[in-house]
Amino acid sequence: MAMTDYKEELVETAQKLATNGKGILAVDESTPTCGKRLASIDVENTEENRQAYRGMLFTSPGLGKYISGAILFEETLFQNHADGEKMVEKLAQQGIIPGIKVDQGLKPLAGALAHETYCSGLDGLTGRAAEYYGAGARFAKWRAVLQIANENGPTELAIQENAWGLARYARSVQDAGLVPIIEPEILMDGDHDIDKTAEVQEKVVKAVYRACEVNRVLLEGTLLKPSMTVPGAECKTEVTPKTVAEYTIQTMLRSVPASVAGIVFLSGGLSEEAASVYLNEMNLIGNTPWNVSFSYGRALQHSALRGWAGSNVDEGQKFVLARAQANSEASKGEYVPGSQVSSDEKLFVAGYTY
Ligand code: 13P
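In short, a report on the structure. (Residues numbered from 1 in each chain as written. Predicted model: local features only at pLDDT ≥ 70, side-chain atom pairs only at ≥ 80, totals over all residues. Heavy atoms only, no water.)

1. What about the overall build of the protein?
What counts here: Helix and strand labels come from DSSP, where a helix needs a run of H or I of at least four residues and a strand needs a run of E of at least two; each type is numbered from the N terminus. In this treatment the radius of gyration is a C-alpha quantity, and the globule benchmark scales as 2.2 Å times the residue count to the 0.38 power. Residues count as neighbours in contact if any of their non-hydrogen atoms are within 4.5 Å of one another. Computed with a 1.4 Å probe, the accessible areas rest on the Shrake-Rupley method; for each residue, only the protein chains presented here act as cover.
Check the secondary structure of the protein and you find twelve helices and ten strands. The globule rule puts the C-alpha radius of gyration for 354 residues at 20 Å, and the 19 Å found for the protein is close to it. Within the protein, counting contacts between residues at least 6 apart in sequence, those at least 24 apart form 81% of the total. On the protein, roughly 13700 Å² of surface is accessible, and the fraction owed to carbon and sulfur atoms is 49%.

Set out below in structure tokens:
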């Protein structure tokens, strides 16, 4: 099979994922990262506990009203819920499309700055993607990471290599019928200002779409998952949510083709509340060629994980539904800050690995 065989389906899936008023729940933490999350609530990192936690999220009553897709780690895609039914079946019952993280992690990039990386996982990717399709996945995610960190970064080498990797990935999974979510994350690490982030991000996203063109990626069958255009975590100059929104939308308008099906932001260490408020401000600007929504991990799960605390299903579901509803409202520019329970805790961790 090739991309051309899946063309209509890819466009249809991408449009469903980008439904106005819905966003994506990222629950694709690798097993070690999931372990760190569970350790924060004193829960052991066993398959049973990961199953219980993620099963709790997926069966939250009415979650599908706000969530169009869920990104899973491989274990979850093939896993059953504790009640014996498949996890993908639980998602299907809510009208949520299952997705899968297909990258195999960041590796040091020879010839670049010491902290710079490329994203691995291209070998055999179309074959793996076909197996995931068989298990029910209809979209994929690949996270490439660039760092400003100091005035030297990112290097041209890191930009080119990561853009190329994202485009190769995108075309490879389209050949197996999966919609690629293209994620070029610019980390918040560093003391640079918002102008520097905007300058770097515009360059990076443009490089990604040039590489997509060379690789003949069907843009209508893709989504972009960028970071927001924010100043470095240690920048001394504070900016308002409105400024973040204006910079972010300007960067997107300058670099993302109108044919892309949708933009779904990552939360990247923002607090739950900030992630909702920034998204809301972007949608108040409006008038963009794409649906502008969310694909949050930490900003959808932080208080849910604490509420669940290993066994409290009702509390966990209450919190994930509150954040999902808040972000759904934000994706329409209708969120009233503070109207849903959330946490203000900054979730930024320097040198964060997913
Ligand atoms: P965060 O929203 O926690 O940044 O995670 C989203 C994600 O999927 C990163 O790859």
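2. What about empty space enclosed by the protein?
Selection rule: The method works on a 1 Å grid over the protein atoms by themselves. A cavity is a set of points holding a 1.4 Å probe that cannot get out, a pocket is an open set with protein on both sides within 12 Å along at least five of seven lines, and residues with an atom within 4 Å of a point line them. Grid points are joined across faces, edges and corners, and a volume is the space filled by probe spheres set on the points.
Evaluated as defined, the whole model comprises three cavities of 30 Å³ or more. Volume-wise, the largest cavity comes out at about 160 Å³. What lines the largest cavity is a set of 20 residues, and nearest its centre among them are Ile186, Leu187, Met188, Ser227 and Gly268.

3. Digging into unusual backbone geometry
For the record, the criterion: Exposure is judged per residue with a 1.4 Å probe applied to protein chains only, and the accessible area is read against the type maximum: over 50% gives exposed, under 20% gives buried, and values in between give partly exposed.
With an omega dihedral of -10°, the bond running from glycine 153 to proline 154 counts as a cis peptide bond. For proline 154, the location among the structural elements is in the loop between strand S6 (139-146) and helix H7 (156-174). One non-glycine residue, aspartate 42, lies in the positive phi region at around 60°. Aspartate 42 gets classed as exposed once you look at its relative accessible area, which sits at 75%. Positioned with a positive phi, alanine 309 is a non-glycine residue whose angle comes to about 50°. Along the chain, alanine 309 falls in the loop between helix H11 (298-308) and helix H12 (313-330). Taking relative accessible area as the criterion, alanine 309 reaches 42% and is therefore assigned partly exposed.

4. Digging into the pattern of salt bridges
Pairing between side chains of opposite charge can happen when their charged atoms approach one another. The following threshold applies: A pair is scored as a salt bridge if a Lys or Arg side-chain nitrogen falls within 4 Å of a carboxyl oxygen belonging to Asp or Glu.
In this structure the tally under the stated criterion is 20 salt bridges. A salt bridge links aspartate 175 to arginine 171, with the shortest nitrogen-to-oxygen separation between them at 3.2 Å.

5. A few points about H7
In an α-helix, one turn spans 3.6 residues; hence positions three or four apart end up facing the same way. The condition is simple: An expected span of 1.5 Å times one less than the residue number is assigned to each helix.
Here H7 spans 27 Å end to end across 19 residues, near enough to the 27 Å set by a 1.5 Å rise per residue. Regarding H7, the residues found buried are Ala158, Ile159, Asn162, Ala163, Gly165, Leu166, Ala167, Tyr169, Ala170, Ser172, Val173 and Gln174. On its buried face, H7 is in contact with helix H1 (3-17), strand S5 (117-119), helix H6 (125-134), S6, strand S7 (179-186) and helix H8 (194-214).

6. Here we look at the layout of surface pockets
The cut-off we apply is this: Only Asp, Glu, Lys and Arg are considered charged in this grouping, and only Ala, Val, Leu, Ile, Met, Phe, Trp, Tyr, Cys and Pro are considered nonpolar; every other residue, Gly among them, is considered polar.
By volume, the largest pocket amounts to about 510 Å³. As for the largest pocket, its lining consists of 20 residues, and the residues nearest its centre are Pro231, Glu238, Leu270, Tyr278 and Lys346. Every element with two or more residues in the lining of the largest pocket is listed here: helix H9 (241-255) and helix H10 (272-285). Partitioning the lining of the largest pocket into residue classes produces twelve nonpolar, four polar and four charged.

7. Things to note about the pairing of strand S2 (residues 67-72)
In plain terms, the rule: Strands were regarded as paired on the criterion that DSSP finds at least two bridges between them.
Counted residue by residue, S2 has six buried out of six residues, so it is predominantly covered. Pairing of strand S1 (residues 23-27) with S2, which is carried by five bridges, proceeds in the parallel orientation. From the neighbouring strand, alanine 26 faces S2, where its bridge partner is isoleucine 71. In the sheet, S2 pairs with strand S3 (residues 97-101) via four bridges, with the strands oriented parallel. Following the sheet pairing, alanine 70 is matched in S3 by proline 98.

8. A few points about the site of the ligand
Just so we agree on the cut-off: Only a single heavy atom is needed: when it lies within 4 Å of a molecule or strand, its residue is near that molecule or strand. Counted as a polar contact is a pair of N or O atoms within 3.5 Å, where, for protein atoms, one must be capable of donating a hydrogen and the other of accepting one, and residues adjacent in sequence contribute only when both atoms are in side chains.
Close to the ligand lie 14 residues; Lys141, Lys225, Ser267, Gly268 and Arg298 are nearest. Serine 267 is positioned with one of its side-chain polar atoms (N or O) 2.5 Å from an oxygen atom of the ligand. Across the complex, the protein chains shield 100% of the 300 Å² of accessible surface that the ligand would expose by itself. Among the residues forming the shell around the ligand, the class breakdown is four nonpolar, four polar and six charged.

9. Quick notes on H9
Here is the rule we go by: Directions pointing from the helix axis toward each C-beta atom define the arc.
In a regular helix each residue adds 1.5 Å, so 15 residues correspond to 21 Å; H9 covers 21 Å between its end C-alpha atoms and thus fits that length. Those residues of H9 lying buried are Val244, Ala245, Thr248, Ile249, Thr251, Met252 and Ser255. One side of H9 carries all its buried residues, which in axial view fall inside an arc of 160°. The inward-facing, buried residues of H9 contact H8, strand S8 (223-224), strand S9 (262-265) and H10.

10. A few points about the packing of aromatic side chains
Using the following cut-off: Working definition: a ring pair exists when centres of Phe, Tyr or Trp rings (six-membered ring for Trp) sit within 6.5 Å. Plane angles under 30 degrees give stacked, over 60 give edge-to-face, the rest tilted. Only lysine NZ and arginine CZ atoms are considered, and such an atom sits over a ring when it is within 6 Å of the ring centre and within 35 degrees of the ring normal.
Under the counting rule described, the total for this entry stands at five aromatic pairs. An angle of 55° between the planes, with centres 5.6 Å apart, marks the rings of tyrosine 6 and tyrosine 133 as tilted. Here tyrosine 6 is found in helix H1, whereas its partner tyrosine 133 is found in helix H6, with 127 residues between them in sequence. Of the two residues examined, tyrosine 6 and tyrosine 133, each falls in the buried class. Measuring from centroid to centroid gives 6.4 Å for phenylalanine 78 and tyrosine 132, while their planes differ by 50°, and the two rings are tilted. Placement of phenylalanine 78 in the loop between helix H4 (74-77) and helix H5 (87-93) and of tyrosine 132 in helix H6 is noted, with a sequence separation of 54 residues between them. Note on tyrosine 132: relative accessible area 3%, which makes it buried. Positioned above the aromatic ring of tyrosine 133, the side-chain terminus of arginine 138 is 3.7 Å from the ring centre. Sitting over the face of the ring of phenylalanine 319, lysine 318 holds its NZ or CZ atom 5.0 Å from the ring centroid.

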